[in-house]
Amino acid sequence: MRASATSLLALLALSTTATVGGFRLATPSRPYSHASSFRIAAGPDRHATSTCPLRASQPLFSTNDDNRGAKEATDGSAGARQLLGVKGGSTTDNIWAIRLQLTKPVTWIPLVWGVMCGAAASGNYHWIWNPFDPSDRDVMLGLEDALKGFVAMILAGPFLTGYTQTINDWYDREIDAINEPNRPIPSGAIKEGEVIAQIWFLLLGGLGLGYGLDVWAGHEVPSVFFLSIFGSFISYIYSAPPLKLKMNGWQGSFALGASYISLPWWCGQAVFGTLDRPVYWILPILYSIAGLGIAIVNDFKSIEGDKELGLNSLPVAFGIDGAAKICAGSISVTQLGVAAYMAAIGEAGYAMALLALLLPQVYFQATLLLPDPVANDVKFQAQSQPFFVFGILATALGIGHHTF
């Protein structure tokens, strides 16, 4: 049966979520210092040394998570902030709370949404009991699909996004000792061996869940497992030397956008359907280009630090005004292209919905982003992004509704 917005939103209620590579990590033999180089082992060379300046990760969907010099919140939310991995969190010696903080649960949510959109695009997600379609009331089949969706969200969120955030903190640990000394690793709240164990647990657990979903779905080719491996590799090279994609504005921003949009979409669609048409790959990639624009917004607040550290973010490379225009263009033009495609295949209603959701985004670009992206970055994200993510869902529903 065709998926619907109501059923998929019910999926979201079941859970709240990209990626890793199986590379060996070497524990430093010296304590943390205020230096931006440290020894790592990636592959056979145990003595490879990285002297690349590092920066803490930034989620694609803004959380205003700039913890440099952050003080504990006084509004009673410090404990929750600590668990979510955002600014203003309290300190704790509870090892499980610290482990959860390393995975930054606040960054799981976009991945859950992406899995949901993939399920919608498959056109094959079943309700538990559909009040609008008497033929879609197989309770057991609906329960099975709901459980599959839940497991896919756990894969994309706690495991592989958690892996991504943990390994990023590992490779940023020495620069965090300067900029964010309250982070769990540089503060000594968690031992190095415990961090490495967590990285491997989340990686191997995620890959195991991916393969299990393939078996459950009856895949001859383990597509979810392969997607998990690919996403894990992207995650590793995003954070780790020598490639360290986040050192380059274009590569890092697109890798971030793809990890938060394309990979979870493909995961959800593979679990419930197939990825046997080019459009199933192209549309998420287009939205990842829009995601590149959203990732740029997160770089405006760090432009001075990026200059000092030698990070070639897009605001550094093109200036604030130039990067703001690139950001607005990538977000708007890609969505216009998707709307045109939906109209071309006869899904005019979904195309009109996309255009309606794009208009407020353009308004907020004109009134917040372009005039002053540094001052308005968080406000722009908060007001514009809901329309963007619902546009992704509308596209997925349209693809799931269409008969190719």
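Not measured: the values here are computed from a predicted model. (Residues numbered from 1 in each chain as written. Predicted model: local features only at pLDDT ≥ 70, side-chain atom pairs only at ≥ 80, totals over all residues. Heavy atoms only, no water.)

**Here's the deal with the overall build of the chain**
- Helix and strand counts for the chain come out as 15 helices and 2 strands.
- Looking at the chain as a whole, 55% of its 404 residues are labelled buried.
- Accessible surface, the chain as shown: approximately 16,400 Å² in total, 65% of it carbon and sulfur. (Helix = DSSP H or I, 4+ residues; strand = E, 2+ residues; numbered from the N terminus. Buried < 20%, exposed > 50% of the residue type's maximum accessible area, 1.4 Å probe, protein only. Areas by Shrake-Rupley, 256 points an atom, 1.4 Å probe, with all protein chains shown as cover.)

**Overview of the nonpolar core**
- Trp265, Tyr287 and Phe388 are the most contacted members of the largest nonpolar core, which totals 88 residues.
- Ranked by the residues each element gives to this core, the list is headed by helix H5 (residues 139–171), at 13 residues.
- Once residues within four sequence positions are removed from consideration, Tyr287 is found in contact with Ile261, Trp265, Gln335, Val338, Leu354, Phe388, Gly391, Ile392 and Thr395. (Core = buried A, V, L, I, M, F, W, Y, C linked by side-chain atoms within 4.5 Å. Contact = heavy atoms within 4.5 Å.)

**Description of the confidence of the model for the chain**
- On average, residues of the chain carry a pLDDT of 82, and 82% of them reach 70 or more.
- Per-element mean pLDDT across the chain ranges from 32 in strand E1 (residues 38–39) up to 98 in helix H7 (residues 192–217).
- Low pLDDT, under 50, characterises residues 1–69; the stretch is placed with 234 contacts to residues that sit more than four places away or in other chains. (pLDDT = per-residue confidence, 0-100.)

**Observations concerning the packing of aromatic side chains**
- Under the counting rule described, the total for this entry stands at 12 aromatic pairs.
- Seen in terms of ring centroids, Tyr171 and Tyr236 are 6.0 Å apart; in terms of plane orientation they differ by 85°. Their pairing is edge-to-face. Taken together, the residues Tyr171 in helix H5 and Tyr236 in helix H8 (residues 223–239) connect sequence positions 65 residues apart.
- When the centroid spacing of 5.4 Å and the interplanar angle of 65° are considered together, the rings of Tyr363 and Phe364 count as edge-to-face.
- Residue Tyr363 is classed as exposed on the basis of its relative accessible area of 51%.
- Put simply, the rings of Tyr211, Phe225 and Phe226 touch in pairs and so form one group of aromatic residues.
- Just above the ring of Trp96 sits the side chain of Arg99; from NZ or CZ to the centre is 5.6 Å.
- Its end group placed over the ring of Trp170, Arg173 keeps NZ or CZ at 4.1 Å from the ring centre. (Phe/Tyr/Trp six-rings, centres within 6.5 Å; stacked < 30°, edge-to-face > 60°. Lys NZ or Arg CZ within 6 Å of the ring centre and 35° of its normal.)

**As for helix H4 (residues 109–122)**
- Between its first and last C-alpha atoms H4 spans 20 Å; for 14 residues at 1.5 Å apiece the expected length is 20 Å, and the two agree.
- Of all 14 residues in H4, 13 are buried; the element is thus mostly enclosed.
- Trailing H4 by a residue or two, Gly123 shows a phi angle of about 65°, which is positive. (Expected span 1.5 Å × (residues − 1).)

**Comments concerning the pattern of salt bridges**
- Summed over all chains, the structure comprises 3 salt bridges.
- Bridged by salt links that share partners, the residues Asp172, Lys244 and Lys246 form one connected network. (Salt bridge = Lys/Arg side-chain N within 4 Å of Asp/Glu carboxyl O.)

**Some words on a nonpolar patch on the surface**
- On the surface, Ile128, Trp129, Val139, Met140 and Leu143 cluster together into a nonpolar patch covering about 500 Å² of accessible area.
- Within the secondary structure, Trp129 is located in the loop between H4 and H5. (Patch = residues over 30% accessible without salt bridge, like charges linked within 9 Å, V, L, I, M, F, W, Y side chains within 5 Å.)

**Quick look at unusual backbone geometry**
- That bond from Pro241 to Pro242 is cis: its omega, 5°, falls within 30 degrees of zero.
- Looking at where Pro242 falls in the secondary structure, it is placed in the loop between H8 and helix H9 (249–260).
- Positive phi outside glycine occurs at Lys104, with the angle close to 45°.
- Secondary-structure assignment places Lys104 in the loop between helix H3 (95–102) and H4.

**Topic: H8**
- For H8, with 17 residues, the first-to-last C-alpha span of 25 Å sits near the 24 Å given by 1.5 Å per residue.
- Tucked inside the fold, the buried residues of H8 contact H5, H7, H9, helix H10 (262–272) and helix H11 (278–300).

**Quick look at the environment of Ala353**
- Here Ala353 is to be found in helix H14 (residues 348–369).
- In this structure Ala353 comes out as partly exposed when scored by relative accessible area, which is 30%.
- When the C-alpha positions of Ala353 and Ala339 are compared, they lie 8.6 Å apart, and in sequence the two are 14 residues distant.

**Looking at the packing of H9 against helix H13 (residues 314–344)**
- The geometry of H9 relative to H13 is characterised by a closest axis approach of 11 Å and an angle of 55° between their N-to-C directions. Here H9 lies oblique to H13, going by the angle between them. Counting all contacts with H9, which are made through Gly249, Trp250 and Ser253, the residues of H13 involved are Leu314, Phe318 and Ile326.
- Of the residues belonging to the contact of H9 with H13, the class tally is 4 nonpolar, 2 polar and no charged. (Axes fitted to C-alpha atoms, helices over the stretch in contact; angles between N-to-C directions. Parallel < 35°, antiparallel > 145°, perpendicular 65-115°, else oblique. Nonpolar A, V, L, I, M, F, W, Y, C, P; charged D, E, K, R; others polar.)

**Points about the environment of Ser187**
- Mapped onto the elements, Ser187 comes out in the loop between helix H6 (173–179) and H7.
- Assessed through its relative accessible area of 41%, Ser187 is described here as partly exposed.
- Counting along the chain gives 11 residues from Ser187 to Asp176, while the straight-line C-alpha distance between them is 9.1 Å.
- Beyond its immediate stretch of four places on either side in the chain, Ser187 contacts Pro181 and Asn182.
- At 2.8 Å, the side chain of Ser187 forms a polar contact with the backbone oxygen of Arg183.
- At 3.1 Å, the side chain of Ser187 forms a polar contact with the backbone oxygen of Pro184. (Polar contact = N/O pair within 3.5 Å; in protein donor to acceptor, adjacent residues only side chain to side chain.)

**As for the side chain of Ser288**
- Of note, Ser288 is situated in helix H11.
- With sequence-adjacent residues up to four places away left out, Ser288 is seen in contact with Phe254, Gly257, Ala258, Ile261 and Ser262.

**A word on the environment of Ala323**
- Along the polypeptide, Ala323 turns up in helix H13.
- Between the alpha carbons of Ala323 and Gly293 there is a distance of 8.8 Å; along the sequence they are 30 residues apart.
- Setting aside residues up to four positions removed in sequence, Ala323 forms contacts with Ile296, Phe300, Leu314, Pro315 and Phe318.

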